[in-house]
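A closer look at the structure
Each chain is listed here by its residues.
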Amino acid sequence: MLQKIFYIFVKIAVLFLLGLNVRRKELLPANGPAIIVANHNSHLDTMVLMALMPLSKLKDIKPVAAADYFFSSPLKAWLSEHVLGIIPVERGSKDRTNDPLEGCYEVLRQGKVLILFPEGSRGEPEQMTDLKKGVSFLAERFPDAPVVPVFTHGLGKALPKGSFLLVPFFCDIFVGEPVTWDGDRTHFMIELKERFNALSTEKTFAPWE
Amino acid sequence: MNLLTIHWALIGIWGVLCLASFIVFVISKRSAKNMSELVQRTVSWWVMVAIFTVSFLVSNTVSIIVFALISFLALKEYFSMIPTRRADRRVLFWAYLSIPVQYFWVYDNYYGMFAVFIPVYMFLFLPFVSLLTQQTVGFLRAVGTLNWGLMLCVFSISNAAFLLILPATETNSTGGPGLLLFLLFLTQFNDVTQYTWGKLFGRHKIIPGVSPNKTWEGFVGGVATTFVLALLTAPLVTPFDMIHAAAAGLLIPVAGFVGDVTVSALKRDLGVKDTGSLIPGHGGILDRIDSLTYTAPLFFHFTRYFYY
């Protein structure tokens, strides 16, 4: 309920302040288990991807985010869990007794949709870094779940890391054909990376330095 | 219910739209070619005309807000399409904030401030905010492009809104709204007729280096059609006598053409086909209002000089 009200406001803000140019929205998975992987530039990424979904589906869509950031205080943890619906993942944990992806497995087991940012950090806005392999372990465990790449541009310009001032820009959201697990981790990661490369060269973006 | 002249003008516009839609419908049924873009474009016209009709009928204030929104969308499109510097995020933010201020001067009928706020105060203020970032690499390009965009998307378009609050005169009972309708209708109609004449009879390219599809036949045909239409409609919704109606009937199509190719030059420089994807079939909002960025200020000052 709280989440729905929050996302009604997010949808209005996204429509008015940003404005999205979405290509191939029909490729976004309507039902789980499925994994949406996107490049990460801004805190807006998760909210914009969630805002693309119908309100009734939101409870079944779970963004994965860093536990050290989003669960760092009780208030943040409560908002992350109840409003954003975040699944926490420990980054760079020394503790090897627990699988850090356990929460993600559970979501997929329940037939929900996972949103994952395999770059692992927002990093420098509008620059893509290497993809972390975590997503391949999820795909291996759930080979029937399609892995849908989504390339976004402009959200890092609107709200880059370290800034609190939202500056309106039109943003592009390019959804790609899903990648499926073929049994080989390296090959899977290369294919995913290539999918992102193809999406990011679909349009010439205005330089921003 | 008594229909005023302005209502008849709106009914006339809807009549033209229905007629045009019928022609498009017949063409798309008969033609073997894929006409989906033309159909999409026509559907978008219905939406745009509907938005304007509603805002016209509700109140001037609502119409001013609609124009402010158009400026906002156009400026956002412009900033999204040109190269910008990360350091200038704050400067862009201030540029956006100038939109409500500029349209407040319109609402407030404060002509002096309306006329100087962007060309003087924002012109001086934006470079100052930009230099505070202490990044001089690309400074000239940044302040140059920002100010041009602000003039084009906000200042120019706000001139159309300022027409709205011009009062009725003895010879023109419709006042400002009539003048705005005259400007919008002729500007947009001219776009369509130049395109149509060009499609039908276009042979000789007029400015191939900028816009390879524009032809002399399209230009002359469009100007002539718009000129005739201006003479026919001016007595209805404007205070113009025949000479001024004729002058406006030339000013609008010629300035509209220049505005159109100016935005084309910008797009060519940036290597993009459309300024955006906001209006299905048309492209971005700047693609739709490119002519208006030239016709609005010129027509406003023409009217103000001779009649107000």
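Residues numbered from 1 in each chain as written. Chains lettered and ligands numbered in written order. Predicted model: local features only at pLDDT ≥ 70, side-chain atom pairs only at ≥ 80, totals over all residues. Heavy atoms only, no water.

Residue and element names in this part refer to chain B. For helix H5 (residues 111-131), spanning 21 residues, the distance from its first C-alpha to its last is 30 Å, which sits close to the expected 30 Å at 1.5 Å a residue. Along H5, the largest kink reaches about 60 degrees and is centred on Phe117; proline Pro119 follows within four residues of it. Contacts from the buried residues of H5 go to helix H4 (89-107), helix H6 (139-164) and helix H11 (292-307). (Helix = DSSP H or I, 4+ residues; strand = E, 2+ residues; numbered from the N terminus. Expected span 1.5 Å × (residues − 1). Bend = angle between axes of the 7 residues up to and from the residue. Contact = heavy atoms within 4.5 Å.)

Moving on, we get to the side chain of His244 of chain B. Mapped onto the elements, His244 of chain B comes out in helix H9 (residues 242-270). In this view, His244 of chain B contacts Phe302, Phe306 and Tyr307 of chain B; residues no more than four positions away in its chain are not counted.

With that settled, consider the interface of chain A and chain B. Between chain A and chain B, the contact holds 24 residues from the first and 22 residues from the second. Of the roughly 1800 Å² buried between chain A and chain B, counting both surfaces, carbon and sulfur atoms make up 59%. Looking only at chain A, the three residues that lose the most surface to chain B are Leu165, Phe170 and Glu209 of chain A, adding up to 32% of its buried area. In this assembly, chain A and chain B are joined by 1 salt bridge. Here Glu124 of chain A and Arg86 of chain B are joined by a salt bridge, their closest N and O atoms 3.6 Å apart. Counting across the chain A and chain B interface gives 10 residue pairs in polar contact (both at pLDDT 80 or more). Those elements that place two or more of their residues in the side of chain A that touches chain B are helix H1 (2-18) and helix H7 (155-158) of chain A. When residues in the side of chain A that touches chain B are grouped by element, the largest group, 4 residues, is from H1 of chain A. Class assignment of the residues belonging to the side of chain A that touches chain B gives a composition of 17 nonpolar, 3 polar and 4 charged. (Buried area = accessible area lost by both parts, 1.4 Å probe. Salt bridge = Lys/Arg side-chain N within 4 Å of Asp/Glu carboxyl O. Polar contact = N/O pair within 3.5 Å; in protein donor to acceptor, adjacent residues only side chain to side chain. Nonpolar A, V, L, I, M, F, W, Y, C, P; charged D, E, K, R; others polar.)

Time to look at the UniProt feature "transmembrane region" (unreviewed entry) in chain A. UniProt's entry tags residues 6-22 of chain A with the feature "transmembrane region" (unreviewed entry), counted in the numbering of this structure. With 76% helix and 18% strand, residues 6-22 of chain A has end C-alpha atoms that lie 22 Å from one another. (UniProt positions renumbered as here; feature names shortened; annotations may be inferred.)

This next bit is on the packing of helix H7 (residues 175-201) of chain B against H9 of chain B. Residue and element names in this part refer to chain B. Contact geometry of H7 with H9 gives a least axis separation of 9 Å together with a crossing angle of 60 degrees. Overall, the two elements H7 and H9 adopt an arrangement that is oblique. The handedness of the crossing between H7 and H9 is right-handed. Taken together, the residues of H9 that come into contact with H7 (itself represented by Phe182, Leu183, Leu186, Thr187, Asn190, Asp191 and Gln194) are Ala248, Ile252, Pro253, Gly256, Phe257 and Asp260. The residue inventory of the contact of H7 with H9, partitioned by class, reads 7 nonpolar, 4 polar and 2 charged. (Axes fitted to C-alpha atoms, helices over the stretch in contact; angles between N-to-C directions. Parallel < 35°, antiparallel > 145°, perpendicular 65-115°, else oblique. Left-handed = near helix turned anticlockwise from the far one by under 90°.)

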